[in-house]
Amino acid sequence: MNQQSKATFITRDYRYLYLGCSLIALLGLSLVYSQPHPYSFLRSDGALGILCAVIFWSFLAFSGLALMIKFAYWSSYSDTVMRHPSVVRASRWASYFVVVACILALIDRGLLRFVYTVQLCSQMEKNPQGFGSSMIYMTLKGKDIILTGIWTTVRLALLGTAIAFILAIFMVFLRIQEPDKRDNDFVKAVKWLASHFARLYVFVIRGTPMMVQALIFYYFGFNLFKKTNMTVTEINNVWSFFISGLCTVALNSTAYLTEVLRGGILAVDRGQTEASRSLGMTNWQSMIRVVFPQAVKNSIPAIGNEFIINIKDSSVLSVIGVMDLMYATKSVSGIYFRSLEIYCVAAILYLILTWLSSLLLKYLGKRLDMPVKGLPSSN
Amino acid sequence: MDEVVLKIENLEKSFGELHVLKGIDLEIRKGEVVCIIGASGSGKSTLLRCINLLEEADSGSIWFEGQDLMDLHVNLNALRQKIGMVFQSFNLFNNKNVLDNCTLAPVTVKKVPRAKAEETAIRHLKTVGLEDFIYADSTRLSGGQKQRVAIARALCMEPEIMLFDEPTSALDPEIVGEVLDVMKELAAEGMTMVVVTHEMAFAREVSDRVVFMDQGVILEQGSPQEIFGNPKNARTREFLTRYLEDKQE
């Protein structure tokens, strides 16, 4: 629906007015008659509550009447009194009242109830039984752990993607080396090795799960430091969970970003290279000065997507004990012996993080004059 | 007009099964303007692209400045600096403005100081009539303007010879003139030029020699008067007649 027809739908169009607003009225009624809470200003026995209920009931009754007339005069409905301009206008106005009343009910039973529950939960001594209140209770009690987790997840994704981008620039230069028949044998061999090393790297990293990579990196580093006769405490200081987790994210993303950048390079028109080579520039000069800047610009949306993927996929690092959002929620669940509730909280928090990031990327993309697609799928 | 600048000997090129160049011999003298004409697919563009090794020919020699470009040990980049090329699709560097398009190669390849390179670039941009677009974004120019920048860019390297690969084929008929005018000026200044073109009027008016290519061989070459006035080869005659008929329609 475009802007134009949206406006017409609200101000003029009346085709589904009775049906749509009857549903809204039913929702409003169910809210008004639901259990009130101490902050409620809309009780079924209070003045405002009764007023809302009257609005809802009378609109339902009027819609029922309209339906009967419609059934009775199926083909000549437009000649009945229901299509008289004043009736149409009246029903239009009635629908506005219904919507306003329903919004009031939603504020009361939705927003204020949430505020009340949060306050209640913050004063509770033990985990409440209800699903929603338990979610809120555990989030509030574990907020320090969860905030640390969020901060770690954001740092992992940001730093990981940034480091990966730098490494990927290096890796893609290796990847695109191609032996030329004008090179001497040594250069040919070096180019072949470089390109095949990059290919192998991408092949292995993309073909194995990040969880396995995380474990391998962590224990590989641990064993390496062990050889230098360091104590376990010393090793944990140097090769911390966070550092090894960050290495995992960075090295994993490097493989994906290498392919992203390679795609970006391939997408640059061949004529750009031809023009620069025809002016006597070397392959390297042409790459650095002409092709690569354009390739990076092409790749910026995909690099942003990699960042969002890293927010989600860094959750597997909890397997080595990185204190990210996943590990934080796991810890909270261990303290309060409730799992489903707190994992739902984790899902909501991850969703907020990725949603905010994609909004940010969309904004940046607009500033840089580049289209950005919706949430990316996982690697 | 004696000194031979470029000499092509028995050049062969195949794309897989397709035999595109079947033994081309061609000499270009200093200051000469040579137009290569012929039907699409006759190998004219491939010949031009083989001259500065954008396509690598299979066999034969390309003598330039006493060196064979086909020799695997020559410094190709050094020789390419002296062979300017103008493309059908302009190929301006999209990430640079007009001035930087012109100064990039002199600064990075010839190590000309930036100030001097800019001075030269502005001089050449003036000759192609683009002094008002020096800092313009190269992607926002019209086709004719782009092609004139491309010519200025090639001139900034002070080439011995300029290759034009159908420089007006991607332009609107109304804009073709502004590019051809620049090329005529260049020819008048004594630049050595090899032009692959479908602009017969330009070939007739400006060139010293016209080369007719068909199916990978040079069928006929001579002065414009000879080729357009009295073509000896039946295939040349057929091509020119059909071409003139098309023009009249």
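### Details of the overall build of chain B
- In terms of regular secondary structure, chain B is built from nine helices and ten strands.
- For 249 residues, the compact-globule estimate of 2.2 N^0.38 gives 18 Å, and the C-alpha radius of gyration of chain B, at 18 Å, lies within 12% of that figure.
- By principal-axis analysis of the C-alpha atoms, chain B measures approximately 55 × 50 × 35 Å.
- Within the span of chain B, comprising 249 residues, buried residues form 54% of the whole.
- Partitioning the contacts of chain B with sequence separation of at least 6, the portion at a separation of at least 24 is 65%.
- In the structure as shown, chain B presents an accessible area of about 10,900 Å², 46% of it carried by carbon and sulfur atoms.
- Distance between charge centres in chain B, computed from 28 positive and 40 negative side chains, equals 3 Å.

### With respect to the nonpolar core
Residue and element names in this part refer to chain B.
- Formed by 47 residues in total, the largest nonpolar core has its most connected members in Leu 125, Ile 151, Met 162, Phe 164, Met 183 and Met 193.
- Counting residues per element, this core draws most heavily on helix α6 (residues 173-188), which supplies seven residues.
- For Met 162, the residues in contact, after removing those within four places along its chain, are Gly 84, Val 86, Ile 151, Ala 154, Leu 155, Leu 186, Met 191, Thr 192, Met 193 and Val 194.
- Residues Ile 28, Leu 54, Leu 79 and Met 213 belong to the second largest nonpolar core, which totals 42 residues.

### Thoughts on the domain arrangement of chain A
- Splitting chain A by domain gives domain 1 (15-123) and domain 2 (143-368).
- One C-alpha centre belongs to domain 1 of chain A, the other to domain 2 of chain A; they are set 52 Å apart.

### Digging into the layout of surface pockets
- Taken as a whole, the largest pocket encloses approximately 1,400 Å³ of empty space.
- Every residue lining the largest pocket is counted, 36 residues in all, and those nearest its centre are Glu 178, Asp 180, Thr 273, Arg 277 and Asn 283 of chain A.
- At the level of secondary structure, the elements contributing two or more residues to the lining of the largest pocket comprise α6 (143-175), α7 (185-206), α10 (241-267), α11 (270-278) and α12 (283-313) of chain A together with α2 (76-80) of chain B.
- Of the residues forming the lining of the largest pocket, the biggest block, five residues, is contributed by α12 of chain A.

### Focus: unusual backbone geometry
- Even without a glycine there, the phi angle at Asn 229 of chain A is positive, about 60°.
- Its identity is not glycine, yet Glu 158 of chain B carries a phi of approximately 50°, on the positive side.

### Observations concerning the sheet that holds strand β3 (residues 33-37) of chain B
Residues and elements named next belong to chain B.
- Reading across the sheet, the six strands line up as β6-β7-β8-β3-β9-β10 and stay open at both edges, with mixed pairing between neighbours. Looking at strand neighbours, the two that pair on one side only are β6 (83-86) and β10 (217-222), the edges of this open sheet. Direction aside, neighbouring strands of the sheet carry axes that sit 20° apart on average.
- Bridge count between β3 and strand β8 (residues 192-196): four bridges; the pairing is parallel. Looking at β8, one finds that Val 34 is bridged to Val 194.
- Across the face of the sheet, helix α1 (residues 44-51) comes into contact with β3, β6, β7 (161-165), β8 and β9 (209-214) while running at roughly 145° to β7.

### With respect to the interface of chain B and chain A
- Counting residues at the interface gives 32 residues for chain B, matched by 20 residues for chain A.
- In total, about 2,100 Å² of surface goes out of reach between chain B and chain A, with carbon and sulfur atoms giving 51% of it.
- Put simply, chain B and chain A have three salt bridges between them.
- For the salt bridge of Arg 182 of chain A with Glu 56 of chain B, the shortest nitrogen-to-oxygen distance reads 3.4 Å.
- Counting across the chain B and chain A interface gives twelve residue pairs in polar contact (both at pLDDT 80 or more).
- Those elements that provide at least two residues to the side of chain B that touches chain A are α2, β6, α3 (98-108) and α5 (143-155) of chain B.
- Here the side of chain B that touches chain A is built from residues that sort into 17 nonpolar, seven polar and eight charged.

Cut-off values and rules
- Residues numbered from 1 in each chain as written.
- Chains lettered and ligands numbered in written order.
- Predicted model: local features only at pLDDT ≥ 70, side-chain atom pairs only at ≥ 80, totals over all residues.
- Heavy atoms only, no water.
- Helix = DSSP H or I, 4+ residues; strand = E, 2+ residues; numbered from the N terminus.
- Rg over C-alpha atoms; globule rule 2.2 N^0.38 Å.
- Buried < 20%, exposed > 50% of the residue type's maximum accessible area, 1.4 Å probe, protein only.
- Contact = heavy atoms within 4.5 Å.
- Areas by Shrake-Rupley, 256 points an atom, 1.4 Å probe, with all protein chains shown as cover.
- Lys, Arg positive; Asp, Glu negative; His and termini not counted.
- Charge placed at Lys NZ, Arg CZ, Asp CG, Glu CD.
- Core = buried A, V, L, I, M, F, W, Y, C linked by side-chain atoms within 4.5 Å.
- Domains from an automatic or database assignment.
- 1 Å grid on protein atoms, 1.4 Å probe; cavity = no way out; pocket = protein on both sides within 12 Å on 5 of 7 lines; lining within 4 Å.
- Points joined across faces, edges and corners; volume = space filled by probe spheres on them.
- Pairing = 2+ DSSP bridges.
- Axes fitted to C-alpha atoms, helices over the stretch in contact; angles between N-to-C directions.
- Buried area = accessible area lost by both parts, 1.4 Å probe.
- Salt bridge = Lys/Arg side-chain N within 4 Å of Asp/Glu carboxyl O.
- Polar contact = N/O pair within 3.5 Å; in protein donor to acceptor, adjacent residues only side chain to side chain.
- Nonpolar A, V, L, I, M, F, W, Y, C, P; charged D, E, K, R; others polar.

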